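Listed here are the chains, written in short residue letters.
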Amino acid sequence: PRRGSLPPPSRRRPAAGAPPAPGRRAARLRAAPRAAPHLRPRAPLPQLHPPPPPRLLLRPLPLPPPPAPPMLPTAAHTAFLANSLLLAHLPSAPPLYSLLFLASPPLLRPNEFTYPALLRASPPRTALALATHSLKFLGAGAASSDRVLGSALLDAFARCGRIASCRRVFDRIAEPDLPAWNALLTAYARRARDSSCAGEAAEILELFARMVSSTVPPNEITLVAVVGACGELGALGHGLWAHAYALKRRLTVNCYVATALVEMYTRCGKMDLAEQVFAGVTDMDTCCYNAMLQGLAFHGHGRVALTLFDRMCAEGFPVDSVTVLAVMCACAHAGLVDEGQWLFDRMEIQFGVTPRIEHYGCMVDILGRAGHLDVAEKLIRGMDITPNAAMYRSLIRACGIHGKLEIGERMIQELMRLEPEHSGNYVLLSNFYARMKLWEDAKKARKEMKAMGIDKSPGSSLLDINGVLHEFLMGDKTHPASREIYAMIQEIQARLKECGHRPSTTAVMFNVEEEDKVGALSYHSERLAIAFALIASSPGAPIRIIKNLRVCSDCHESTKLVSRVYGREIIMRDRTRFHHFRDGHCSCGDFW
């Protein structure tokens, strides 16, 4: 449009303040007639249709099958659950074991996993019953296929002293591992220590040789068993080899190994090596001190034992009953009556150790050796504990030495009341009456012994020559060198006779001639061992003998002369102590 002309009506803007012009729709609504609300026509509702199904590109998955009914547990599952239940109730699981496996009829059947933990957690008698059950349920060959079960069975039989059962189980194991070897060796070592039997100790050395040749390396537990066997046999060469093997293999020489080494060297008569091992122990304990004190007592070093005991107390180590007994034995072998009496009187007050039957017996031995027989008898009569046979034997032996017939006969009555069938008692009675020169009573004791069918334990002696053990019995002629041995005995007798030695035949049999008694003394087991040692060993080498019985007085006297005539040191261990014979003297001072 031209400038100054008005725009068309549709484009005109309303004036300020004027109401807005109505639109076309509003005008039409005003012009149309209005109808009643209820007569207004309603728009038709749209018709609803379901949506078309989607187009499936894949086939529908099949419905899952209905769940299967629950499966009942199998025998393996129930045994597993039962074994788990037993483990949860250790160590009080044996009643539960009886309920599960020994009911009538049994609810379950055990398997090879049932027994190992149960055997190790049970006391010896229960473990033995469980081991018997395992052989019944699983069969004798189960241990051969399961090493864990085999080791557990070995340990159970070993704790109960069933050496034969141990060996049968061990022999069934195809390839024994270290626990199996240690269980068997420990079983033999325990038997050798309890019974002082040389057979078990020798078996340990043979088993150890087999173990070393196999692929199983020994450990510290093995070493303790082997070293203990060497000490029992007096096999110094084997003990030195075992010690060197441990050092070469760098095995840990802890307090247990050190204690075993100290015991071995003291029992082999090498106190210098025992002191060397004892001085090098870093984790010292009471057991190690006890081993050294027992060794000193065994060799008669009473004063040294008292000094070591004072050092032990000063360093704060606890004193137990074994400690007190070792020191009292040292006092007994050294004749230290006052020191032994002081320790016996103060052991409960100062050290808190209640006296046991062994302490009373040692005190009786101390008093008897010193000749205080009336005091010893009074102590026996006033004991709170019932006396045992060993105390009566000790006092009878002391009465024979000091010539106290009345006290000796009273003790004989008490001894025979306790042990009427013990062979050693009749031998003791015979020797006692022989010392009293009561020959008829001595013969009567021997006759009663034969009438009752009681055999005397044979005397035996072990001799170590270049690592080989030789055993001799009284009058033994089974040795390959018997001819040379008996020829050497004749030579020894001749040379001792030149030195003025006269055999003491009072304690030998009484129904034989005097020269036969001399012959019987000459063929004692230790004399056979000495004769063979003079033949087979190097000149000047020490002679080491282990004897199972007390050395008799005549053998003791003749051995002193042999050490002087032949210039040899003879180290003899009998049932009670060590005797070091050198230049015609003995370390016991003729007091044993």
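Reading the values: the criteria
- Residues numbered from 1 in each chain as written.
- Predicted model: local features only at pLDDT ≥ 70, side-chain atom pairs only at ≥ 80, totals over all residues.
- Heavy atoms only, no water.
- Buried < 20%, exposed > 50% of the residue type's maximum accessible area, 1.4 Å probe, protein only.
- Helix = DSSP H or I, 4+ residues; strand = E, 2+ residues; numbered from the N terminus.
- Pairing = 2+ DSSP bridges.
- Right-handed = clockwise from strand over helix to strand, strands pointing away.
- Phe/Tyr/Trp six-rings, centres within 6.5 Å; stacked < 30°, edge-to-face > 60°.
- UniProt positions renumbered as here; feature names shortened; annotations may be inferred.
- Polar contact = N/O pair within 3.5 Å; in protein donor to acceptor, adjacent residues only side chain to side chain.
- Contact = heavy atoms within 4.5 Å.

**Observations concerning the pairing of strand β3 (residues 543–547)**
Of all 5 residues making up β3, 5 are buried, and the element is well covered by its neighbours. Residue alternation in β3 divides its side chains into two sets, Ile543, Ile545 and Lys547 and Arg544 and Ile546, and both sets are buried. Where strand β1 (residues 460–465) and β3 come together, 3 bridges link them in antiparallel fashion. Residue leucine 463 lies in a different strand from β3, and its bridge partner there is isoleucine 545. For the handedness criterion, the β-α-β arrangement of β3, helix α28 (residues 553–565) and strand β4 (residues 570–573) is classed as right-handed.

**What to know about the pairing of β1**
Most of β1 sits inside the fold, with 6 of its 6 residues counted as buried. Burial of the side chains of β1 extends over both faces: Ser460, Leu462 and Asp464 are buried on one face and Ser461, Leu463 and Ile465 on the other. Examined bridge by bridge, β1 and strand β2 (residues 468–473) share 6 bridges and lie antiparallel to one another. Bridging from a neighbouring strand, leucine 463 pairs with histidine 470 of β2. The turn linking β1 back onto β2 is made up of 2 residues, and asparagine 466 within it adopts a positive phi angle of 55°.

**What to know about the packing of aromatic side chains**
Counting across every chain of the model gives 13 aromatic pairs. Taking the centre distance of 6.1 Å and the plane angle of 85° together, the rings of phenylalanine 208 and tyrosine 245 count as edge-to-face. Taken together, the residues span a long stretch of sequence, with phenylalanine 208 in helix α10 (residues 198–213) and tyrosine 245 in helix α12 (residues 236–248) at a distance of 37 residues. In this pair, the class of phenylalanine 208 matches that of tyrosine 245, namely buried. For the ring pair tryptophan 241 and tyrosine 245, a centre distance of 5.3 Å and an interplane angle of 20° mean the geometry is stacked. Separated by 4 residues within a single helix, tryptophan 241 and tyrosine 245 lie in helix α12, roughly one turn from each other. Overall, tryptophan 241 belongs to the partly exposed group, its relative accessible area being 45%. Taking the relative accessible area as the measure of exposure, tyrosine 245 reaches 12% and is therefore buried.

**A look at the UniProt feature "repeat: PPR" (unreviewed entry) in the protein chain**
Within the UniProt annotation, "repeat: PPR" (unreviewed entry) is assigned to residues 285–319. Between the end C-alpha atoms of residues 285–319 the distance is 10 Å, and the span holds 74% helix and 0% strand.

**As for the sheet that holds strand β6 (residues 585–586)**
Spatially, the 6 strands line up as an open sheet ordered β2-β1-β3-β4-β5-β6, and their pairing is mixed. With partners counted over all chains shown, the strands left at the sheet margins are β2 and β6, one partner each.

**What about unusual backbone geometry?**
Positive phi values are uncommon outside glycine, yet lysine 437 reaches one of about 60°. For lysine 437, a relative accessible area of 55% translates into the label exposed. A positive phi angle, close to 55°, is found at aspartate 583, a residue other than glycine. Position of aspartate 583 among the secondary structure elements: in the loop between β5 (578–582) and β6.

**Notes on the side chain of asparagine 425**
Along the polypeptide, asparagine 425 turns up in helix α23 (residues 423–435). Here arginine 393 takes part through its side chain, which lies 2.8 Å from a polar atom of the side chain of asparagine 425. Discounting chain neighbours no more than four positions away, the residues touching asparagine 425 are Arg393, Leu415, Met416 and Glu419.

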